[in-house]
Amino acid sequence: MLLDISIVSSCSFCTSGSDLVSEDGKNIKSVLCQRCGSKVLCPGMAVFAEIELFLPSMRKKSSLSNTEGSVDGDTLTAHWLVDDMFSFENVGFTKDVGKIKYLICADCEIGPIGWHCLDDKKKFYIALDRVNHE
């Protein structure tokens, strides 16, 4: 699976004076679950990346892995890229959906908030639109 990834160099969040991305492209604020407020990532643990990824609509973990046929969701382009799963403070994973595992909040199990391809052990994506920042 080939993915076109732009990291920081053409970052629209970086150039617009965003308070989310530092000059070196890392997250300035903590990344939190939108539903329960649980901390997913500490500041400085992820790099901003622009990549088109499809994420199913947000719901509880039990209904994420049972999707049949067409799936409602969004194609999102703004993500935090984490290269080590142990960098997360609080994240869970769904069962495999093909070669994908979706990332969810480990406390309330809402998601997906992110995406991980099993072919690449070093890339975990968290969608900026699916989390809060504080």
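Residues numbered from 1 in each chain as written. Predicted model: local features only at pLDDT ≥ 70, side-chain atom pairs only at ≥ 80, totals over all residues. Heavy atoms only, no water.

As annotated in an unreviewed UniProt entry, the protein carries the name Guanine nucleotide exchange factor MSS4 and is attributed to Xiphophorus couchianus. Heading Function (unreviewed entry) of the UniProt record for the protein holds this comment: "Guanine-nucleotide-releasing protein that acts on members of the SEC4/YPT1/RAB subfamily. Stimulates GDP release from both YPT1, RAB3A and RAB10, but is less active on these proteins than on the SEC4 protein. Might play a general role in vesicular transport." Entered under Subunit (unreviewed entry) in the UniProt record, the comment concerning the protein runs "Interacts with RAB8A." (UniProt positions renumbered as here; feature names shortened; annotations may be inferred.)

### Observations regarding the sheet that holds strand β3 (residues 39–41)
With antiparallel pairing, three strands are arranged side by side in an open sheet as β3-β2-β12. The sheet is open, and its two borders are formed by β3 and β12 (131–133), each paired with just one other strand. Within this sheet the neighbouring strands show an average axis-to-axis angle of 45°, counted without direction. Pairing of strand β2 (residues 31–33) with β12, which is carried by three bridges, proceeds in the antiparallel orientation. Looking at β12, one finds that V31 is bridged to H133. (Pairing = 2+ DSSP bridges. Helix = DSSP H or I, 4+ residues; strand = E, 2+ residues; numbered from the N terminus. Axes fitted to C-alpha atoms, helices over the stretch in contact; angles between N-to-C directions.)

### Here we look at the packing of aromatic side chains
Aromatic rings considered in pairs are described by the distance between their centres and by the relative angle of their planes. What the rule picks out here adds up to four aromatic pairs. Summarising the aromatic geometry, the rings of F88 and F124 are spaced 6.1 Å apart at their centres and angled 85° between planes, so their arrangement reads as edge-to-face. Placement of F88 in the loop between β6 (73–82) and β7 (92–93) and of F124 in strand β11 (residues 124–127) is noted, with a sequence separation of 36 residues between them. Just as F88 is buried, F124 falls in that class too. With centroids separated by 6.1 Å and ring planes inclined at 65°, the aromatic side chains of F93 and F124 adopt a geometry described as edge-to-face. With F93 in strand β7 and F124 in strand β11, the pair connects residues that are 31 residues apart, well separated along the chain. Residue class for F93 comes out partly exposed when judged on its relative accessible area of 25%. Each residue in the set F88, F93 and F124 is aromatic and connected to the rest through ring pairs, giving one cluster. (Phe/Tyr/Trp six-rings, centres within 6.5 Å; stacked < 30°, edge-to-face > 60°. Buried < 20%, exposed > 50% of the residue type's maximum accessible area, 1.4 Å probe, protein only.)

### What to know about the nonpolar core
One finds W80, F88 and I126 to be the most contacted residues of the largest nonpolar core, which totals 18 residues. Breaking this core down by element, the ones donating at least two residues are β3, β6 and β11. For this core, the element with the highest residue contribution is β6, accounting for three residues. When residues no more than four places from it in sequence are discounted, the contact partners of F88 are V40, L41, V82, L103, F124 and I126. (Core = buried A, V, L, I, M, F, W, Y, C linked by side-chain atoms within 4.5 Å. Contact = heavy atoms within 4.5 Å.)

### Quick look at the pattern of salt bridges
This structure, assessed with the given rule, holds five salt bridges. Here D96 ties to K101 by a salt bridge, and the two come within 2.8 Å at their closest N and O atoms. As a salt-bridge pair, K123 and D120 come within 3.7 Å of each other at their nearest N and O atoms. (Salt bridge = Lys/Arg side-chain N within 4 Å of Asp/Glu carboxyl O.)

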